[in-house]
Amino acid sequence: MTEKQEHLLQLFRELDEICKKNNLRYVMAGGTAIGVVRNEGFIPWDDDVDIYMPRDDWNKLVEISGSVLPEHRALQCVDVDRSYTNTFPRYVATDSCALHKHQIIGRDSAGEIIDVLTLDPIPADDKEYEKYRTHMMIYSELVNMVVVYGARWEIPVTAYLRWLFSYTFLGKDRTLKKLEKIMYSYKEEDCPRYAMRWGGCPFLFDKDMMFPVKYMSFENTKVMVPHRMSDYLIWHYGDEWSYIPPHGERESHDAVTVEGITYKELRDDYLPGIRKGRLRRDSIWRKIYSLAGAKRNHRLQYKRNLLLAKSTVMDLEARISESRYSLKELVEKRDFFQLNEIFTKYYQVQLSSAFIGREDFGGIYAFYHPVLLEVSDVTFYAAMLTLVYTERIGKAWRMLVVKEQTGTFPSELAQLKSDIELFRRAVCDYEFKRYQEAEDTMVPLMERYPEVPGFVKFKSRFLMERACNGIDMVEAELYIDEALRLFPEDGYFLKYQGELLWMKGKCADALEVFADAREKTNNGITQLELDKFLNPYGRETVKTCQQLLDVGQKDGAMKLMALWYRLLPENPSVREYYYLARASVAKKRSEVEELIGEILKRIDAERAESPGENNDIQIYKRALTKAWERLGYPGELARVRTDLVYTSEADDLEWLAERAKDGQIRKEKRAQVYKVIGDVRRKQGQTEAAFQNYLEALRQNGSGFVRTELSRIFLTDLYEGSKRAAVYAKAGDASEFLNQWLGKYGSIEEIQQLVKECL
């Protein structure tokens, strides 16, 4: 957990305790809800906490806030603080600093936050929702001058101007109160739905999706989650919510965060230099321009979509005609690999946000105005069935909903849509521990779709739960064997195969299978289950590794840790001993150098991901020290070299230099001493002193590795310096640079001699 996450967890626990003591409802939401299910805590790269709270509960929290909030905490909402620049409330740490873009010209609290997205009751009549939404967009435009909201919904610019006129001449408070009277006129007991009050996109939920709450674990705290958690996650993120995205697709939030000061101190520094009036005027003109041009922009986007749709359909028809088999034959053969190849470009276009949208800030217009590529019903059915058979059931359901809205909906498509909804009902039953109902629902689905991976995985859960209780283990084994015949590279089923082997006492075989399972799935639930099962054994494993190293059985330690590094690659202790074993067992100098390079890259990467938070990178210290020792550095100097990697403070660097000087007692190791002192001076920015020590190290006739390191330093510096000298010479006089650069080497003769020694 990062330092930011630790701070957010503290804030959340405070808010959670207040809610529980005062019978206030909330539910974990967004990426935080995914973290509850997939990680039982924070998603590793997440940097915020989102919760939903009904409007009535929020209003009660505001009423009691004066007596229940801890010191340096505040509730932020535009209902009570008109300087606030967002439509949804926040729980804020006022003694910290984290400014988001929309807060730059505001005066509201801008510390670390918990986002509290309020749920406003909405009647069943869609016209009432549209009325709420229109006023919500105008409200958002007036509250937050920086962002344009209404263009996504084509809110008439005349309506915005009318309310802006009121805002200008009657005042912000009176205008917002008028809008709030309209927006918040519905009573919760009379409404079956909620609108999540977010200006960018006020999502609609059925009330029973959210409440009554359930409880799950989040960082060892029992927290409230949506009543139909699986439905919520599938609705919001699709069936892919349980999968861990690649690094490039991991989203975080932009904020100016400064440690050790409050947001007020930062604003005192930068606000005097900002022309807030001009920024506000520019923002208003941008809103007017965007709202006035929204319809035209959407029409142009629609025309572009039609052109892309025509070319995509032509490409699809060509692919179908070039296929050896017709779509119908491929469906009958269940050759969904070939079908997926045929539909690849079609999916890229048709499933994109520009064509079917998403309920998010950028994709909401297309979500309510989707564009369907004009293909035959036979082609559409084959494409949807392929999505189902390639674990994209949520996308297939969304497409079927859009297709149904066109009015032409053949019976086979209606059956497919109904079957997807049956599957979701079974998942919901399973979530509520109605196992028999869920299993009964799956029986006809498995008959109609015998090899759908999602269906097979779901059924395997029932069989494995019974097997874990000593019931029908043979049936589970046969079913998992058949599943692996169909999907031999799917880690989901490999994990179950490992569990069956473990139940039979074949633990060594099970661990090998678990390692394969880990590497062959990015399903976060499967990864979590493996972590929970293996982590207790991991603690014993590192003890065994240390014992093996203590008695000199390095190869045994390496073999053990190589397996467990595959099993628990994110476990800090396992990682520490894996690299320590590698440093101990390496037989060639090149292997040790390669290991050092790998560790240093990992440290740099982990520092870049979490600047200023070096807790996890400490685990590499022992391996680095062992590696330096293997390369000829005595124990204390090896530790100094390692500490140098982790140290940047001036006083600490000077202390490292003093520690290194103590090693001069050993004459045969003086080359290493001077080399380390040179490294310290270089990190301090004392280049000439560093090179004096490097030259002295070379004169001491050190070991082969020290000489190699020094040769690399000198030759690299001479090469890079000569390139810079050429640039200076081309621009004019290079003498000043040459004097400064070459001065640390002495005369030309000395440089020539140095090069000879290095080559």
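Here, the structure is the one placed above.
Now for a description of the structure that goes with this document. Here the structure is a predicted model, which means the values were calculated and not measured.

Definitions and cut-offs
Throughout this document, residue positions are counted from 1 along each chain, in the order its sequence is written. The predicted nature of this model means local features are confined to residues of pLDDT at least 70 and side-chain atom pairs, given and counted, to a pLDDT of 80 or more, with totals for whole chains, interfaces and linings taken over all residues. Excluded from the side-chain calculation are hydrogens and water; included are all heavy atoms of the structure. Every helix listed is a DSSP run of H or I at least four residues long, and every strand listed is a run of E at least two residues long, numbered separately from the N terminus. Working definition: with a 1.4 Å probe on protein chains only, accessible area under 20% of the residue-type maximum means buried, over 50% means exposed, and in between means partly exposed. Any two residues whose heavy atoms approach within 4.5 Å are treated as being in contact. The Shrake-Rupley method, run with a 1.4 Å probe sphere, supplies the accessible areas, and residue values consider only the shown protein chains as cover. Note on charges: Lys and Arg go in the positive column, Asp and Glu in the negative column, and His and the chain ends are not counted at all. One atom stands in for each charge, and that atom is NZ of Lys, CZ of Arg, CG of Asp or CD of Glu. Inter-axis angles, ranging from 0 to 180 degrees, are taken between N-to-C directions of lines fitted to C-alpha atoms, where helices are fitted over the stretch in contact. The scheme is simple: roughly parallel for angles under 35 degrees, roughly antiparallel for over 145, roughly perpendicular for 65 to 115, oblique for anything else. Left-handed describes a crossing in which the near helix is turned anticlockwise from the far one by less than a right angle; the clockwise case is right-handed. Ten residue types, Ala, Val, Leu, Ile, Met, Phe, Trp, Tyr, Cys and Pro, are classed as nonpolar, four, Asp, Glu, Lys and Arg, as charged, and the remainder, Gly among them, as polar. Two strands pair if DSSP finds at least two bridges between them. Directions drawn from the helix axis to the C-beta atoms are what define this arc. Here a patch means residues that are over 30% exposed by relative accessible area and free of salt bridges, tied together within 9 Å if like-charged and within 5 Å if nonpolar (Val, Leu, Ile, Met, Phe, Trp, Tyr). Every case where a carboxyl oxygen of Asp or Glu lies within 4 Å of a side-chain nitrogen of Lys or Arg is listed as a salt bridge. N or O atoms closer than or at 3.5 Å make up a polar contact, with two conditions inside protein: a donor-capable atom paired with an acceptor-capable one, and, for residues adjacent in sequence, both atoms drawn from side chains. Disulfides are defined as cysteine sulfur pairs within 2.5 Å. Here the nonpolar core consists of buried residues drawn from Ala, Val, Leu, Ile, Met, Phe, Trp, Tyr and Cys, with membership extended through side-chain atoms lying within 4.5 Å. Working definition: a ring pair exists when centres of Phe, Tyr or Trp rings (six-membered ring for Trp) sit within 6.5 Å. Plane angles under 30 degrees give stacked, over 60 give edge-to-face, the rest tilted. Geometrically, a charge over a ring is one whose NZ (Lys) or CZ (Arg) sits within 6 Å of the ring centre while staying within 35 degrees of the ring normal.

Per the secondary structure count, the protein chain includes 36 helices and 11 strands. Its C-alpha atoms give the protein chain principal-axis dimensions of about 90 × 75 × 60 Å. Among the 759 residues that make up the protein chain, the fraction classed as buried is 51%. By sequence separation, contacts in the protein chain at least 24 residues apart represent 64% of the contacts at least 6 residues apart. Carbon and sulfur atoms make up 52% of the accessible area of the protein chain, which totals about 36,700 Å². With 111 positive and 119 negative side-chain charges, the protein chain shows a separation of 3 Å between the mean positions of the two kinds.

Attention now goes to the packing of helix α18 (residues 393–405) against helix α19 (residues 411–431). The interhelical angle for the contact between α18 and α19, taken along N-to-C directions, is 135°, at an axis separation of 10 Å. Regarding the angle of α18 to α19, the classification is oblique. α18 and α19 meet at a crossing whose hand is left-handed. For the pair α18 and α19, contact is made by I393, G394, A396, W397, L400, V401, K403 and E404 and by L413, L416, K417, I420, E421, F423 and R424, respectively. Of the residues assigned to the contact of α18 with α19, the class counts are 9 nonpolar, 1 polar and 5 charged.

A separate point is the pairing of strand β2 (residues 50–54). Summarising burial for β2: 5 of the 5 residues are buried, a large majority. By the alternation rule, side chains of β2 split into D50, Y52 and P54 and I51 and M53, which are all buried. The sheet contact formed by strand β1 (residues 27–28) and β2 spans 2 bridges and is antiparallel. Bridge assignment links V27 to a residue of β2, and that residue is Y52. Bridging between β2 and strand β6 (residues 113–122) involves 5 bridges; their strand directions are parallel. Its bridge partner being in β6, Y52 is matched across the sheet by L117.

On to helix α35 (residues 735–742). If you check which residues of α35 are buried, you get F737, W741 and L742. The buried residues of α35 occupy an angular sector of 105° when the element is viewed end-on, so they sit on one face. Exposed residues pointing more than 90 degrees away from the buried face of α35 are listed as E736, N739 and Q740.

Moving on: a nonpolar patch on the surface. A contiguous nonpolar surface patch, about 350 Å² in accessible area, is contributed by F165, F169 and L170. Secondary-structure assignment places L170 in helix α5 (residues 157–170).

The next thing to look at is unusual backbone geometry. Look at the link from F211 to P212: it is a cis peptide, with omega at 0°. Its place among the elements puts P212 in the loop between α7 (207–210) and β9 (214–218). At E40, a position not held by glycine, the phi torsion is positive, near 55°. For E40, the location among the structural elements is in the loop between α2 (30–38) and β2. Non-glycine residue K433 carries a positive phi angle of around 65°. Relative to the assigned elements, K433 resides in the loop between α19 and α20 (435–448). The exposed category is assigned to K433, whose relative accessible area is 62%.

The buried fraction of β6 is high, at 10 of 10 residues. Where burial is concerned, the two faces of β6 agree: the one with I113, D115, L117, L119 and P121 and the one with I114, V116, T118, D120 and I122 are both buried. Where strand β4 (residues 90–93) lies against β6, 3 bridges are found, and the strand directions are antiparallel. If you follow V92 over to β6, its bridge partner there is I113.

Going through the model one piece at a time under the given rule, you end up with 61 salt bridges. With a closest N to O distance of 2.9 Å, E709 and R641 form a salt bridge. One end of the pair, E709, is in helix α34 (residues 704–731); the other, R641, is in helix α30 (residues 635–646), with 68 residues separating them in the sequence. Judged by relative accessible area, E709 falls into the buried class, the value being 10%. With a relative accessible area of 10%, R641 lands in the buried category. K675 is the partner of E709 in a salt bridge, and the nearest nitrogen-oxygen pair spans 3.8 Å. Remark: K675 occurs in helix α32 (residues 670–684) and E709 occurs in helix α34; sequence separation between them is 34 residues.

Moving on to the environment of R392. Within the secondary structure, R392 is located in the loop between α17 (377–389) and α18. Each C-alpha atom, one on R392 and one on L563, is 33 Å from the other, the two residues being 171 residues apart in sequence. Within polar-contact distance, the side chain of R392 engages the side chain of N340 at 2.7 Å. A polar side-chain atom of R392 sits 2.8 Å from a polar atom in the side chain of T390.

Our next topic: the state of the cysteines. When the sulfur atoms of two cysteines share a covalent bond, that bond is a disulfide. As enumerated under the stated definition, the model contains 0 disulfides in all. As a non-bridged cysteine, C77 has C19 as the owner of its nearest cysteine sulfur, 14 Å distant.

Most often, soluble globular proteins have nonpolar side chains that are buried together. Counting 146 residues, the largest nonpolar core has Y346 and F714 as its most contacted members. If you tally residues by element for this core, the top one is α17, at 9 residues. With residues near it in sequence (within four places) discarded, F714 still touches F691, Y694, L695, L698, Y745, L754 and C758. Counting 86 residues, the second-largest nonpolar core is a separate cluster that includes L15, C77, M145 and Y186.

Another aspect to go through is the packing of aromatic side chains. One pass over the structure, following the stated rule, counts 37 aromatic pairs. Taken together, a centroid distance of 6.0 Å and an interplanar angle of 85° make the contact between F12 and Y26 edge-to-face. In this pair, F12 sits in helix α1 (residues 3–21) while Y26 sits in the loop between α1 and β1, placing the two residues 14 residues apart along the sequence. Given a relative accessible area of 1%, F12 falls into the buried group. Summarising the aromatic geometry, the rings of F423 and F455 are spaced 4.7 Å apart at their centres and angled 45° between planes, so their arrangement reads as tilted. Here F455 lies in helix α21 (residues 453–468) and F423 lies in helix α19, a separation of 32 residues in the sequence. On the basis of relative accessibility, which here comes to 8%, the residue F423 falls in the buried class. Through pairs of rings, three or more aromatic residues link up here, namely F423, Y430, Y435, Y449, F455, F458 and F462. Just above the ring of Y368 sits the side chain of R133; from NZ or CZ to the centre is 5.6 Å. Lying over the aromatic face of F432, K214 brings its terminal NZ or CZ to 4.7 Å of the ring centre.

Here we come to the environment of V27. Inspection of the secondary structure puts V27 in strand β1. In this structure, the C-alpha to C-alpha distance between V27 and G552, residues 525 residues apart in sequence, is 54 Å. For V27, the residues in contact, after removing those within four places along its chain, are D50, I51, Y52, M210, F211, V213, M224, V225 and P226.

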